[in-house]
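# Working through the structure, step by step
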Amino acid sequence: MKLHLKSVRLLHEDDRGAALMEFALLSPLFFLTMMGVFDIGYGMYAKSILQGSVEGAGRLAALESTTTSVTDQRVRDSVRQINNDGILTFKRVYYQNYQDVSVPEDFTDGNGNSARDAGECFIDRNGNGVWDQDVGVSGRGGAQDVVIYTATLKYDRLFPVWGMLNQSQQQTLTGTTYLRNQPFSAQAARVGVKICT
């Protein structure tokens, strides 16, 4: 009996291997946290590279002599230095002036419900024959037009931490800039057409 109590006391006082057990319990949480931190840091870095390259390309795009393919390639080249597998898409919408950005086309509110209903007349400012929530036109625009230039990068996250947390492994980053084209010629006149359908 004495031998048994002595063995239990020795076992209780022996802390060899305790650190190994603590490490085994805490290391998964530690590594999961570190992967999350590195992934968030990479996302912030990629976003700053994307935004900076879009702004630089936007300044270049405001000149008449620059084509959209040149500006898009400039963004691609910058982003490819940090992410070669992502998918880059580009969008340009232009307006006559800054006041038109994200403004809906005017319409006659016949029933007073503050919404455009079928049959109510509207002024087609972008020339597509339908009422739009935004008067912008897709493309680069002309002299003195205001352009919103957007690049979107979709890529698979570097670490599997988000999949472990039942989140999407795909990250989407967007860089946007607003610019006004140089006055290389007279600004194109836009004539709104009244349509009642």
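See the structure printed just above.
For the structure given in this document, a descriptive report is provided here. (Residues numbered from 1 in each chain as written. Predicted model: local features only at pLDDT ≥ 70, side-chain atom pairs only at ≥ 80, totals over all residues. Heavy atoms only, no water.)

## Examining helix 3 (residues 68-80)
The end-to-end C-alpha separation of helix 3 is 18 Å, in line with the 18 Å expected for 13 residues at 1.5 Å each. T71, D72, V75 and V79 are the residues of helix 3 that are buried. Mapping the buried residues of helix 3 onto a view down its axis gives an arc of 100°, with all of them on the same face. On its buried face, helix 3 is in contact with helix 2 (18-61), strand 1 (87-95) and strand 4 (146-156). (Helix = DSSP H or I, 4+ residues; strand = E, 2+ residues; numbered from the N terminus. Expected span 1.5 Å × (residues − 1). Buried < 20%, exposed > 50% of the residue type's maximum accessible area, 1.4 Å probe, protein only. Arc of directions from axis to C-beta. Contact = heavy atoms within 4.5 Å.)

## With respect to the packing of helix 2 against helix 3
Running from N to C, helix 2 and helix 3 point in directions that differ by 160°, and their axes come no closer than 9 Å. Classified by the interaxial angle, the pair formed by helix 2 and helix 3 is roughly antiparallel. Here the hand of the crossing between helix 2 and helix 3 comes out right-handed. Between helix 2, through I49, L50, S53, V54, G56, A57, L60 and A61, and helix 3, the contact on the second element is made entirely by V70, T71, R74, V75, S78 and V79. Split into classes, the residues belonging to the contact of helix 2 with helix 3 amount to 9 nonpolar, 4 polar and 1 charged. (Axes fitted to C-alpha atoms, helices over the stretch in contact; angles between N-to-C directions. Parallel < 35°, antiparallel > 145°, perpendicular 65-115°, else oblique. Left-handed = near helix turned anticlockwise from the far one by under 90°. Nonpolar A, V, L, I, M, F, W, Y, C, P; charged D, E, K, R; others polar.)

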